[in-house]
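Each chain is listed here by its residues.
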Amino acid sequence: MDWKKYIATILALAAIISVGKSLGKDEEKSSGSNIVIPRITPAAQTEVTPQPSNMYAIVNESVYHNLVEAKRNFEQLFQNGDVSSQLKSHGISLSGDNADFIRSNAKSIYDTICSYIQSFEKGDSNACYSFGASLYDYYYHTLSREYLYNVMVASQLPSAYQGSFSANPYDSYGNICLQNGNKICFIGGSDDLVCPTPYYGDYYNDMYVRSEWYKHLPSILCDYYGVLKNSDGDNGICYIMNEARAERYCSGEWASIKEDGQSIYGFNAHDARVVWDYNANCYIFVGPNDEVYGPLTSSEASRVNGINTVQDALVLNEGSPYTVDSCIRDMLGRQSAKTYIYY
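Parameters and conventions
Residues numbered from 1 in each chain as written. Predicted model: local features only at pLDDT ≥ 70, side-chain atom pairs only at ≥ 80, totals over all residues. Heavy atoms only, no water. Helix = DSSP H or I, 4+ residues; strand = E, 2+ residues; numbered from the N terminus. Buried < 20%, exposed > 50% of the residue type's maximum accessible area, 1.4 Å probe, protein only. Contact = heavy atoms within 4.5 Å. Salt bridge = Lys/Arg side-chain N within 4 Å of Asp/Glu carboxyl O. Pairing = 2+ DSSP bridges. Axes fitted to C-alpha atoms, helices over the stretch in contact; angles between N-to-C directions.

A.B. asks: I would appreciate a short explanation of the overall build of the protein in the present structure.
C.D. replies: Helix and strand counts for the protein stand at 12 helices and 11 strands. Considering the protein as a whole, with its 343 residues, one finds that 48% of them fall into the buried category. In the protein, once contacts between residues fewer than 6 apart in sequence are set aside, the share between residues at least 24 apart is 68%.

A.B. asks: In this structure, what is going on with the pattern of salt bridges? I would like to understand it.
C.D. replies: Side chains carrying opposite charge are able to pair once their charged atoms draw close together. In this structure the tally under the stated criterion is 14 salt bridges. When the shortest N-O distance is used, the salt bridge between glutamate 75 and lysine 71 registers 2.7 Å. Note that glutamate 75 and lysine 71 are positioned in helix α4 (residues 61-79) at a spacing of four residues, about one turn of the helix. For lysine 71, a relative accessible area of 26% puts it in the partly exposed group. Residues lysine 183 and aspartate 171 are paired through a salt bridge, measuring 3.1 Å at the closest nitrogen-oxygen approach. With lysine 183 in strand β5 (residues 183-187) and aspartate 171 in the loop between β3 (165-170) and β4 (176-178), this pair connects stretches of sequence that are 12 residues apart. What you see here is one network of salt bridges that share partners, running through Glu253, Asp260, Arg303 and Arg334.

A.B. asks: For this particular structure, what's the right way to read the pairing of strand β9 (residues 282-286)?
C.D. replies: Residues in a regular strand project their side chains so that they alternate between the two faces of the sheet. Within β9, four of the five residues are buried, leaving the element largely enclosed by the surrounding structure. Judged from the five bridges that link them, strand β8 (residues 273-277) and β9 form a sheet pairing that is antiparallel. Paired with tryptophan 276 across the strands is tyrosine 283, a residue of β9. Turn length for the β8-β9 hairpin, with the two strands adjacent in sequence and antiparallel, is four residues, and the turn residue asparagine 281 shows positive phi of about 60°. In this structure, β9 lies alongside strand β10 (residues 292-295), joined through three bridges in antiparallel fashion. Bridged to phenylalanine 285 within β10 is glycine 294. Between β9 and β10, which follow one another and run antiparallel, lie five residues, and aspartate 290 among them has a positive phi close to 65°.

A.B. asks: When you look at the sheet that holds β4 in this model, what are you seeing that I'm missing?
C.D. replies: Where strands meet in a sheet, backbone hydrogen bonds hold them as pairs that are either parallel or antiparallel. The mixed open sheet is built from six strands, whose spatial order is β3-β4-β5-β7-β6-β11. Looking along the sheet, the strands with just one partner apiece sit at the ends: β3 and β11 (318-319). One ladder, built from four bridges, connects strand β6 (residues 225-230) with strand β7 (residues 237-242); its direction is antiparallel. By the bridge assignment, leucine 228 is partnered in β7 with tyrosine 239.

A.B. asks: Explanation requested: the sheet that holds β8 in the structure shown.
C.D. replies: Here we have three strands laid out as an open sheet, ordered β8-β9-β10, and antiparallel in their pairing. Across the chains shown, the open sheet's two edge strands, defined by having one partner strand only, are β8 and β10. Direction aside, the axes of adjacent strands within the sheet are offset by 35° on average. The sheet strands contacting helix α10 (residues 243-265) are β8, β9 and β10, and the helix crosses β9 at an angle near 75°. Together, β8 and β9 form the strand contacts of helix α11 (residues 298-316), whose direction differs from that of β9 by roughly 95°.

What follows is the structure, given as structure tokens:
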């Protein structure tokens, strides 16, 4: 069975983890911010006795291949410098404790992934199981989704929207419901930190979800979020977007449009630009010396308008949430599923 396809088709809302409960545990304030950060103690890596009933759930090729990709992505992340410094460069305020926590746990996760891969390749299933069991626990005890949501997302929100999630954290529209009655809406498709996370209750599927998380974690740590002011009027909802992902989608859309033009006019896509021709009242492709290659098709022009809508929202931090959301979703639908690793 294609487990990746199977998991993707499961309704994410069927079994959402209780984010509100996690955020309600022992807490501490991060310095320089009124955001509440969960107090999390990393699980100690100890010898684990394999259980016949879940050995294959932890030690299998699907998890192995995800972790091989995760290892490669972590190495690319580390090549860009200190992980905590990278977060700070995106405008994320970190206390000294949080910076150390992120730095040390990113390294710990990477080391454990390497050990899993080495054990798997040597055929040492017992050692592989032990490291896999540690990764299974690290999913909640180290750089968890809840912890990173607080650090990377909630810290960017107005104080009225930094509170804990309610016991039922999502309404029927997918908005996040806070204990104080306020609501947050994420625009731009799904998101690893903001949208519901599936929990299946069996080792095989849950271990697979964790291995997927580790594969995406390096790029998640490079994301940054912002608030979009609703130009349609204040309706009491705080709209947020993953600005890093939106920028990647816009870049991918520009590249795709230029490649389409290259197939028609034969120019070098890397040198071409798209500009508005006021005389012809249309978008045209031009070269590095302003030579005109030809007009865009109506479909390409519509896509350029969508890019402009999203980029204006990113620059102004304001726009029609549902229009911006639709534009980003359209880009996502046209682009490859591999939208994670761009540094």
